[in-house]
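Okay, here's what each chain looks like letter by letter:
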Amino acid sequence: MWLKNALRNWTKRREVSAELDEEVRGYVEMMAHEKIRAGVDAHRARREANMESGGVEQVKEQTREVRAGHFLETLWQDIRYGTRMLRKSPGFTAVAVLTLALGIGANTAIFSAVDPILFEPLPYPHPERIMMIWGIFQGARSQVTFFNYRELLKRNHSFDALAIFEPWQPTMIGGAEPERLEGQNVSYGYFRALGVEPAVGRDFQPADDTYQGAPVAILSYGLWQRRFGADRSIVGRQITLDGSAYTVIGIMPRGFENVLDPTAEIWSSEQQYNPATIKDTNTGEWGNHLSIVARLRPNATFAQAKADIETIARTPVPDFPRPRWASLRLGFIVDSLQADITRGVKPALIAVLGAVMLVLLIACVNVTNLLLARGAQRRGEFAMRAALGAGRSRLIQQLLTESLLLALVGGALGLLFAQMFVRGVIALSPANLPRINAIGLDRNAFFFALGITTLIGLLVGLVPALHASHSDLQAGLKEGSRQTAGTHQFTRRALVVAEVALALVLLVSAGLLLRSLTQLFSVNPGFDASNVLTMQVQTSAQMNSSPTGNREQFFKQAIENVQRVPGVESAAFTSFLPLADDPLMGLYGGFFEKDNGAPVGGGYGVFRCLVTPDYFKAMRIPLRRGRLLQATDVATSPHAVLINESLARREFGNQNPLGQRIKIGGHPNWPWYTIVGVVGDVRQDSLAGTHLDTAYMTPEQSWFVDQAMSLVVRAHGNSSALTSEIKNAIWAADKNQAIVRTATMDSLLAATVAQRRFTLILFEAFGIVALALAAIGIYGVLSGSVAERTREIGIRLALGAPRANILSLIVRQGMLLTAVGAIIGISGSFAAGRAIASQLFGITPLDATTYAGVIVLLAIVSVGACWLPAWRASRVDPCVTLRAE
Amino acid sequence: MGNEQTELLQGTLDMLILKSLALGEMHGLGISRRIEQITRGTFLVKPGSLFPALHRMEEQGWLKASWGESENKRRARYYQLTKAGRRRLGAETQRWSRISLAIERALEA
């Protein structure tokens, strides 16, 4: 029934409306007719009938309101009317829509970047049960040894699956040319811990983790498509990796997202560690270079699991002896997988999210202000509508419809902006941003945009709507009445003050980040990065790692070949490349002989760098005392070591460190090294890092040679032009060794600040938008005020006030708003500065330079925004204004 | 309190309209005058309440409207009761006599 009526009222709305009009008019006329018949004169009869009936339009409006579908009908009316109003003032509409589109677009883009990283659960079944388990070294996460893993695996009662993993980059032959693959070497529980099974074939089994067992591999869907033509029969066949035959046992499903190593395309089972070596701590099995991922049992809680492994750490058992560096005496760090992979970027992302919300807030304030200004211009129209029977709620509904329309148009445009912004965010994003492939304008982002658009439409419309419906209709009807402008002006000024305050908070934050980055760039890394090319050479695991084995022979041959390449000034290998974001597996405990073997700095580690003698020449690391390493520092000669100058100063003060002895690593059989020289400090792990202690020695004098070494090449000119020749020179020594991570030292330097730069660029962009919006706000309010005060200004001028006074009067008015906003903004900035403290470097959150700079900038921009209205005011012609009144 | 009163009045108005149409079809002003007459001037129904009520009752299916000619030779909209309207009048009448009896007793007690 309701639907039928509503449908009829809608489809025949013209007819229905005409009928109602005729019916009500007829009623009034009949009433007048009665009165005429009773002897009243015609004119008076009509007037009385009209008054007694309460007005034709009002009756019609009241009747319409009870009809079915009335809400839809008025909504439609409001939309059409609203569209007309927006089209009538294209300038206002364009500014408001653009402002909202910027705000909504930026927010949607940032949301769609942050959502998959911080908020969406990881794409695994029960992702909250997946944990990462780390050892603790200097209070931070550290990788663990193979036997720590074995002990946890055997002794825990809380996990369904617990697995180790490490990077693995095998060379695959069999195609047109050998291909270096990105992969992972994992123990059998890896995919079980993630909760994903191969789509074809089988998962790794415990039996696959046999030392030197039959090699098996699982392929990613992408690799299977790309290299094996999606041929299912590959499962069970053999492929050649690093010269060994691996049997393919499975293919991972298409959508499998491996958040622990997004680039991995192939997995092999863990077969390189020998459980029988547990008593011999001088082996790779006892190196801290494995990560652990585990899945909680369904009935185990996080707290139980943590208590479980802490108990294991505290109670060693004879079956699992532990050397000092794997003693687990500090226990473990346990964290959910999601928290673990996002921990590096979370503070920055939260800061960016906060900043972009401030931008949206400013955009909303600005549009509210525009709507208020327009509301003031439309007072006559509202009064007219009220007189024609529109109730207060009807007016509010109309205005909210208009602001919602505005927001929806802004939102639609905002989605387009967001599409561009998202691409920008991805392009800018630092390398350590997890789940970057999941970033995009998906359904969540769309609903987010729709949600904020609706909210904004209501928010920005509410104050102006209440204002408009509140105002004195009598006054509104009087053309040109200016008596009621007071409250409008007050609200608008308050809004501008809020805008300035918010903009200041953003600008101060951006300023602090900018200063941090400049501080960081002024840090001396300790080497000269220009014209240096680096690449990592990864030798296969089968090579003999003793100082005289074939691995050492290969590196020796390779460096000789590289040094012969034309354009190469000097070249060297190092086991640890500064600022390359390598895992900190180069850190060992250092012990000075003079301290009777107590660890350096009480348990402080030193970076152990195996370097070929030309390393210092290639990196231009200065020699402070003694001599550099040289070609004669071979296995048979006395063991020589170089240490960095701040370590030398701390340990020996003014005494001569040369000739003192140091042991690197806690193994009793490892040799004492004699300090032969002191070199400059090098920032090894990051520019912001404070850990500088380093010991350099030659590979020949080490107790083992690292599987991967980084090549550093100083060229006479542009180093990256030599890339392919250098690679060929290395492959000339052995074609089967992998070369990865080719980069100039300059780009590695830039990459270490990538996350800060990412945050900074976004903050700068937001800060500029905020400043522009605040300037528009100040300009708008002052223009309105000047227009309303034209008469007053005219009188002042007529009474002899100099034009300069008028100018300063208006500018003062604007600057007062700025000043109040700035004062409020400064206290907000204190809070914001504390919130982003973790992103700062070398300055305090209360950095005076930043505050001063931002306030000066704000002052300049707001003087600019005041100037035009003020100038216009000073040009007022008193004769014209006074005559017009 | 205020709410209950409006509800009561609305109910009253509905019933009075139904009652005045029981004798035959009538236009808006006719209904007003009729209510005035049968309540001896106690209720003066203004068009601002009459027309919303008429249109609501029409949509509820109690009344049926058609265009006809008025006494002063104008087109006027005439309302008449439908079957549902008659049933409604019966129910309303019963309800009202129950209520007024109850109130009368209450006041006498």
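Up top you'll find the structure we're talking about.
Residues numbered from 1 in each chain as written. Chains lettered and ligands numbered in written order. Predicted model: local features only at pLDDT ≥ 70, side-chain atom pairs only at ≥ 80, totals over all residues.

### Describing the overall build of chain B
Now for step 1: Within chain B, the secondary structure is distributed over four helices and three strands.
Now for step 2: For chain B, the α and β elements follow one another from N to C terminus as α-β-α-α-β-β-α.
Now for step 3: Counting only residues that meet the buried cut, chain B has 27% of its 109 residues in that class.
Now for step 4: Taking all contacts inside chain B whose residues are at least 6 apart in sequence as the whole, residues at least 24 apart take part in 45%. (Helix = DSSP H or I, 4+ residues; strand = E, 2+ residues; numbered from the N terminus. Buried ≥ 20, exposed ≤ 12 C-beta atoms within 10 Å, placed from the backbone. Contact = placed C-beta atoms within 7 Å.)

### Description of the overall build of chain A
Now for step 1: Helix and strand content of chain A: 27 helices and 24 strands.
Now for step 2: Computed over the C-alpha atoms, the radius of gyration of chain A is 38 Å, more than 25% above the 29 Å expected from 2.2 N^0.38 for a compact globule of 885 residues.
Now for step 3: In terms of its C-alpha atoms, chain A occupies a principal-axis envelope of roughly 135 × 75 × 55 Å.
Now for step 4: Evaluated residue by residue, chain A yields a buried proportion of 42% over its 885 residues. (Rg over C-alpha atoms; globule rule 2.2 N^0.38 Å.)

### A closer look at the sheet that holds strand E1 (residues 26-27) of chain B
What holds strands together in a sheet is hydrogen bonding between their backbones, with the strands either parallel or antiparallel.
Residue and element names in this part refer to chain B.
Now for step 1: The sheet built from three strands is open, its strands ordered E1-E3-E2 with antiparallel pairing. Two strands in the sheet have a free side with no partner beyond their single neighbour: E1 and strand E2 (63-69).
Now for step 2: The sheet contact formed by E2 and strand E3 (residues 75-81) spans seven bridges and is antiparallel. Residue pairing in the sheet places Lys 64 in a bridge with Gln 80 of E3. (Pairing = 2+ DSSP bridges.)

### Examining the interface of chain B and chain A
Now for step 1: At the interface, 17 residues of chain B touch 20 residues of chain A.
Now for step 2: Put simply, the parts of the chain that give the side of chain B that touches chain A at least two residues each are helix H2 (28-38), helix H3 (47-60) and E3 of chain B.
Now for step 3: When its residues are assigned to classes, the side of chain B that touches chain A shows five nonpolar, six polar and six charged. (Nonpolar A, V, L, I, M, F, W, Y, C, P; charged D, E, K, R; others polar.)

### Comments concerning unusual backbone geometry
Residues and elements named next belong to chain A.
Now for step 1: For His 126, which is not a glycine, the phi torsion comes out positive at approximately 40°.
Now for step 2: For His 126, the position within the fold is in the loop between helix H6 (90-119) and strand E1 (130-137).
Now for step 3: The residue Arg 620 is not glycine, and still its phi comes out positive at about 55°.
Now for step 4: Topologically, Arg 620 is positioned in the loop between helix H19 (615-619) and strand E18 (623-626).
Now for step 5: The partly exposed category is assigned to Arg 620, around which 16 C-beta atoms lie within 10 Å.

### Overview of the nonpolar core
Residue and element names in this part refer to chain A.
Now for step 1: Ranked by internal contacts, the top residues of the largest apolar core, which has 95 residues, are Val 359 and Ala 770.
Now for step 2: Element by element, the count of residues in this core is highest for helix H12 (residues 346-377), at 17 residues.
Now for step 3: Not counting the four nearest positions on each side in its chain, Ala 770 is found in contact with Leu 358, Val 359, Ile 362, Leu 502, Ala 503, Leu 506 and Leu 507.
Now for step 4: Ranked by size, the runner-up nonpolar core spans 61 residues in total, among them Cys 609, Val 611, Ala 618 and Ala 640. (Core = buried A, V, L, I, M, F, W, Y, C linked by C-beta atoms within 7 Å.)

### Regarding the packing of helix H5 (residues 70-88) of chain A against helix H14 (residues 392-428) of chain A
A packed helix pair is summarised by two numbers, namely the angle formed by the two axes and the spacing between the axes.
All names here are of chain A.
Now for step 1: Look at H5 against H14: their axes get within 9 Å of each other, and the N-to-C directions meet at 60°. Taken as axis vectors, H5 and H14 run oblique relative to one another. Between H5 and H14 lies a crossing of right-handed hand. Together, Thr 74, Leu 75, Asp 78, Ile 79, Tyr 81, Gly 82, Thr 83, Met 85 and Leu 86 of H5 and Gln 397, Gln 398, Thr 401, Glu 402, Leu 405 and Leu 406 of H14 make up the contact between the two elements. (Axes fitted to C-alpha atoms, helices over the stretch in contact; angles between N-to-C directions. Parallel < 35°, antiparallel > 145°, perpendicular 65-115°, else oblique. Left-handed = near helix turned anticlockwise from the far one by under 90°.)

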